[in-house]
Amino acid sequence: MTAKEFLMKLPKMNNDINQKQTRLSTLRSVAYNTSPNLSADVVQRTRDKSPLESIMVKIVDLDREINKCVDAFVDYKAVVWEQLDKLTDEREKQILWLRYAEEKTWNNISKILYLTPRHIMRIHKSALNNLEKILNF
């Protein structure tokens, strides 16, 4: 695993969480628009759940899954910061953090640091090389 792959796990994890939250929002919308089966004549119920019950089970399961993913994301962010903190150059730390943890574009990073995007990319390349030495990949 390269330093870039190590850092790219952050945006991937974040995107996975966002996709799951979108699915959860959709399920909640469907549940809101689904009416429960309130038949009073039910004597014996089969194992089949009502549509609303099935949706609610999916919502609870997905919500738990999202919570686990968020916990893993927060833990991984701490690991990344711990490794970045070993870099001696503060600009390198900042560029890598902004690029991978905060998912900023080169232009946004250049505006934040008052450097040209080309210079930011050069520092980025150097930062990845230095991080690889620290990570021993």
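Caption draft 1: Region of interest: the packing of aromatic side chains. Tallied over the entire structure, the rule returns two aromatic pairs. Ring centres 5.0 Å apart and planes at 80° place the aromatic pair W81 and W97 in the edge-to-face group. With W81 in helix α2 (residues 51–84) and W97 in helix α3 (residues 90–101), the pair connects residues that are 16 residues apart, well separated along the chain. Here the basic side chain of R99 rests over the ring of W106, its NZ or CZ set 4.0 Å away from the ring centre.

Caption draft 2: Inspection of unusual backbone geometry at higher detail. Even without a glycine there, the phi angle at E103 is positive, about 55°. Within the fold, E103 resides in the loop between α3 and α4 (106–113). The phi angle at Y114 is positive, at roughly 60°, despite the residue not being glycine. Within the element layout of this structure, Y114 appears in the loop between α4 and α5 (117–135).

Caption draft 3: Spotlight on the packing of helix α1 (residues 3–32) against α3. Put simply, α1 and α3 touch, their axes get as near as 8 Å, and they point 45° apart. Relative to α3, the element α1 is oriented oblique. Together, K4, L7, M8, L10 and P11 of α1 and L96, Y100 and A101 of α3 make up the contact between the two elements. Residues belonging to the contact of α1 with α3 are distributed by class as follows: seven nonpolar, no polar and one charged.

Caption draft 4: View of the nonpolar core. Grouped together as the largest cluster of nonpolar side chains are 19 residues, with contacts concentrated most on F6, L7, V80, L84, L96 and L131. Counting only elements with at least two residues in this core, the list comes to α1, α2, α3 and α5. Aside from chain neighbours lying at most four places away, what touches L84 is L7, K93, L96, W97 and L131.

Caption draft 5: Examining the environment of N108 more closely. Mapped onto the fold, N108 is located in helix α4. On the basis of relative accessibility, which here comes to 34%, the residue N108 falls in the partly exposed class. The sequence separation of N108 and L98 amounts to 10 residues, and the corresponding C-alpha distance is 9.0 Å.

Caption draft 6: Spatial organisation of the pattern of salt bridges. Under the definition given, this model contains four salt bridges. For D85, the salt bridge identified is with K93, shortest N-O distance 3.2 Å. A relative accessible area of 45% means that D85 is categorised as partly exposed. We note a salt bridge from E90 to K93, for which the minimum N-O separation is 2.9 Å. Here E90 and its partner K93 are both found in helix α3, three residues apart, which amounts to about one turn of the helix.

The rules behind each value
- Residues numbered from 1 in each chain as written.
- Predicted model: local features only at pLDDT ≥ 70, side-chain atom pairs only at ≥ 80, totals over all residues.
- Heavy atoms only, no water.
- Phe/Tyr/Trp six-rings, centres within 6.5 Å; stacked < 30°, edge-to-face > 60°.
- Helix = DSSP H or I, 4+ residues; strand = E, 2+ residues; numbered from the N terminus.
- Lys NZ or Arg CZ within 6 Å of the ring centre and 35° of its normal.
- Axes fitted to C-alpha atoms, helices over the stretch in contact; angles between N-to-C directions.
- Parallel < 35°, antiparallel > 145°, perpendicular 65-115°, else oblique.
- Contact = heavy atoms within 4.5 Å.
- Nonpolar A, V, L, I, M, F, W, Y, C, P; charged D, E, K, R; others polar.
- Core = buried A, V, L, I, M, F, W, Y, C linked by side-chain atoms within 4.5 Å.
- Buried < 20%, exposed > 50% of the residue type's maximum accessible area, 1.4 Å probe, protein only.
- Salt bridge = Lys/Arg side-chain N within 4 Å of Asp/Glu carboxyl O.

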